[in-house]
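This is what each chain is made of:
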Amino acid sequence: MRDRSASITDLPMSPDEERQRRFRTYLYMMLARVACLGIFFVVPGWWKLVPAAGAIFIPYFAVVVANQVTRQPVEVREIPNALPAAPTPQPETWTPPVDDARPEADERREGGP
């Protein structure tokens, strides 16, 4: 069976679109806060606590939601007829060169004069 081919809809949201989405979410939540403030002055008695709580806590949630960046998981697709990757070559170890031109160095090592 053939795998599904790549599609333009598989691409993640562009940064501009994501920023606009977060801005709209923040704007709607702030409009709800303004509505809570307006309702606060209209509602009588202890019912004022409900819109007051909304006006107090909505800004926190608005900032948390607006700062949350959505990232779609990157799907790794295998190419069905691809060749396997070549093995990586191992680095050669460096060995210091031997200086055969100076025989007196060998005599010093052997304990000579």
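Anyway, here's the lowdown on the structure attached to this text. (Residues numbered from 1 in each chain as written. Predicted model: local features only at pLDDT ≥ 70, side-chain atom pairs only at ≥ 80, totals over all residues. Heavy atoms only, no water.)

Notes on the nonpolar core
Put simply, the rule reads: By nonpolar core is meant a set of buried Ala, Val, Leu, Ile, Met, Phe, Trp, Tyr and Cys residues that side-chain atoms within 4.5 Å join together. Residue exposure (1.4 Å probe, protein chains only): buried if accessible area is under 20% of the type maximum, exposed if over 50%, otherwise partly exposed. Strands here are runs of E lasting at least two residues and helices are runs of H or I lasting at least four, both read from the DSSP assignment and numbered beginning at the N terminus. We call two residues in contact whenever any of their non-hydrogen atoms come within 4.5 Å of each other.
Membership of the largest hydrophobic core is limited to five residues, which are Met30, Cys36, Ala55, Ile58 and Ala62. With three residues, helix α2 (residues 49-66) is the largest single contributor of residues to this core. Every residue in contact with Cys36, bar those within four places of it in the chain, is listed here: Pro51, Gly54, Ala55 and Ile58.

Concerning the pattern of salt bridges
Test applied: Salt bridges, as used here, are contacts in which a Lys or Arg side-chain nitrogen is within 4 Å of a carboxyl oxygen on Asp or Glu.
Per the stated rule, a full pass over the model turns up two salt bridges. Note that Asp16 is salt-bridged to Arg19, the shortest N-O span being 2.8 Å. Separated by three residues within a single helix, Asp16 and Arg19 lie in helix α1 (residues 15-40), roughly one turn from each other. Residue classification places Asp16 among the partly exposed residues on the basis of a relative accessible area of 47%. Across the pair Glu18 and Arg21 runs a salt bridge whose closest N-O atoms are separated by 3.6 Å. Of this pair, Glu18 and Arg21 both sit in helix α1, three residues apart, which is roughly one turn of that helix. Among the residues examined, Glu18 registers a relative accessible area of 6% and is labelled buried.

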